[in-house]
Amino acid sequence: MKVVVIGAGVAGLGIAWRLARGGARVTVLERASVGAGATSASAGMIAAAAEMGHGDSPEAAFARRANGLWPDFAKELEAQSGVNIGYRRNGSLMVALRNEVRRHSHSAENPGAANLHAQGADITMLDGETARAKEPMLTGNVAGAIWAPHEALVDSQALCRALAVAFVRAGGELQSNETVVRIETDAGHATGVVTPFKTHKADAYVLAAGAWSSRIEGLPPEAVPPVIPIKGEILVLAQPAGARLPEHTVWGNEIYVTPRGNRLLVGATVERAGYDTSLSQDAQEWLRKQSNGLMPSLEEWEIAEHWAGLRPASPDGLPILGETAVKGLYVASGQYRNGILFAPAVAEVLSRLVLERTADVPAFSPLRFAGTKPDTVSVIETPHKGGEWRTGF
Ligand code: GLY
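None of the values given here were measured: they were computed from a predicted structure.

## As for the sheet that holds strand 11 (residues 199–200)
- Taken together, three strands build an open sheet; the order of strands is 9-10-11 and the sheet is antiparallel. Each of the sheet's edge strands pairs with one partner strand only, and the pair in question is strand 9 (182–186) and strand 11.
- Here two bridges tie strand 10 (residues 189–194) to strand 11, and the two strands are oriented antiparallel to one another. Residue valine 194 lies in a different strand from strand 11, and its bridge partner there is threonine 199.

What follows is the structure, encoded as structure tokens:
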């Protein structure tokens, strides 16, 4: 079987690697470079509790499944690529500050402890003092925290490199700087993908182009995945000599901080800004203010890097995973804030669907949107432009 995958982010490469290992001849076409979209920009958190809303949602079930797959996925990937991806279960603290108004704290759906317990999440409630004993850099203003020991992280940039190496070693072909501009169809079937260089023909096509998944021409409206880009900016702080780096991922004061090497990532803004990835002073100041409020000694840490990426968001906030209204064309998109977390499960589900025709996440079917326009997404934006948390349309 021959398969063309569009997009060399964590979703596209993960699927392509699994397909190649399953015996398919696979070509990945990437408009820019490996991981150039949301994957490299992400903070790399595998946050099955911190990022999830309702415990009984299909998304939470998928998150638990993906979280369970991660240790073996990481081990196999490192063994096959020879690249260390920095996967480790460092645990998360979800912190409430004393004077914090009970409102959206770090995600659109703030998971309360009761909700997390209902999900069967392995969490413990900590008082402020115990939370500070775990993370001494925390402000004295901490009222309490939820401790989630099974939350993990990975270096998302190393992850991309590892996936690319493992995929090529498995016999795959990877073409960077080759943009798919059109998908050709005939009588409801996908028949080829067109780039400036040639038309690629295959038995199946997988559209995993992140926030760009709705921008490819040639498809009937009902087959276009209605995702839009949601911008996120991250600051990378350099650890000063003699300073201690936080060990865990800490969520609180409307942001998160997470260690990577000897640096600390502070993220992230949530903003509807089209395909603009410019870096803004507003975002930088807001992230600094919030991180100083969470860990006052961070005021002394210098900004080493500042970057922005675009998350792919769907109208109902759920991933889009499965065969489209055009036969032979599959989509893996709409992961929004959870592309890294979901990656092993996305790779498993999509590769099995293509190779074995077994579909097991009907709630994520692309068919549920039936031609919805890619501008009906609702998100809670961060107030870094001076406003309050608000729903963006
Ligand atoms: N998952 C973290 C973020 O989207 O900012």
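Still more to cover.
## Observations concerning the packing of helix 1 (residues 10–21) against helix 3 (residues 58–81)
- The geometry of helix 1 relative to helix 3 is characterised by a closest axis approach of 13 Å and an angle of 70 degrees between their N-to-C directions. The angle between helix 1 and helix 3 falls in the class roughly perpendicular. The residues of helix 3 that touch helix 1, namely those facing Trp17, Arg18 and Arg21, are Phe73, Glu76, Leu77 and Gln80.
- Residue composition of the contact of helix 1 with helix 3, grouped by class: three nonpolar, one polar and three charged.

## Overview of the packing of aromatic side chains
- For the structure on display, the rule yields seven aromatic pairs.
- The ring of tryptophan 17 carries the charged tip of arginine 18 above its face, separated from the ring centre by 4.6 Å.
- Positioned above the aromatic ring of tryptophan 147, the side-chain terminus of lysine 134 is 4.1 Å from the ring centre.

The rules behind these values
Residues numbered from 1 in each chain as written. Predicted model: local features only at pLDDT ≥ 70, side-chain atom pairs only at ≥ 80, totals over all residues. Heavy atoms only, no water. Pairing = 2+ DSSP bridges. Helix = DSSP H or I, 4+ residues; strand = E, 2+ residues; numbered from the N terminus. Axes fitted to C-alpha atoms, helices over the stretch in contact; angles between N-to-C directions. Parallel < 35°, antiparallel > 145°, perpendicular 65-115°, else oblique. Contact = heavy atoms within 4.5 Å. Nonpolar A, V, L, I, M, F, W, Y, C, P; charged D, E, K, R; others polar. Phe/Tyr/Trp six-rings, centres within 6.5 Å; stacked < 30°, edge-to-face > 60°. Lys NZ or Arg CZ within 6 Å of the ring centre and 35° of its normal.

Any link to function would need more than the numbers given here.
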